Amino acid sequence: MNRTITIRRDYLHFVRKYQRYEKRHSNLSAHVSPCFRVKEGDQVIVGQCRPLSKTVRFNVLKVVPHGSDGGKTKKGFSGM
């Protein structure tokens, strides 16, 4: 458990009966290599691997720090 993080994956589930979406989440355990510095609130990209323990089946591949936009630039007005 020393190098394991728990990832909360939020998603929307559509309920046909009411034609609405409901919020759901799932927790996922992932192994973090010592070369990554992960803090709470960071976004991570994980990949599936062989089972490392009873609950850990994913590895962290990339860490996107909390404050950054992850390389995505927002659209803006172009100069006239």
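Residues numbered from 1 in each chain as written. Predicted model: local features only at pLDDT ≥ 70, side-chain atom pairs only at ≥ 80, totals over all residues. Heavy atoms only, no water.

### Describing the pattern of salt bridges
Part 1 of the reasoning: The final tally for this structure, using the stated rule, is two salt bridges.
Part 2 of the reasoning: Of the charged contacts, one joins Asp10 and Arg8 as a salt bridge, the two residues approaching to 3.0 Å between their closest N and O atoms. An identical accessibility class is assigned to Asp10 and Arg8; each is exposed.
Part 3 of the reasoning: As a salt-bridge pair, Glu22 and Arg24 come within 2.8 Å of each other at their nearest N and O atoms.
Part 4 of the reasoning: Assessed through its relative accessible area of 31%, Glu22 is described here as partly exposed.
Part 5 of the reasoning: Judged by relative accessible area, Arg24 falls into the partly exposed class, the value being 36%. (Salt bridge = Lys/Arg side-chain N within 4 Å of Asp/Glu carboxyl O. Buried < 20%, exposed > 50% of the residue type's maximum accessible area, 1.4 Å probe, protein only.)

### Considerations on the environment of Arg3
Part 1 of the reasoning: Its place among the elements puts Arg3 in the segment before strand S1 (4-15).
Part 2 of the reasoning: Residue Arg3 is classed as partly exposed on the basis of its relative accessible area of 44%.
Part 3 of the reasoning: Between the C-alpha atom of Arg3 and that of Pro34, which follows or precedes it by 31 residues, the distance is 7.5 Å. (Helix = DSSP H or I, 4+ residues; strand = E, 2+ residues; numbered from the N terminus.)

This is a description of form; function is not addressed.
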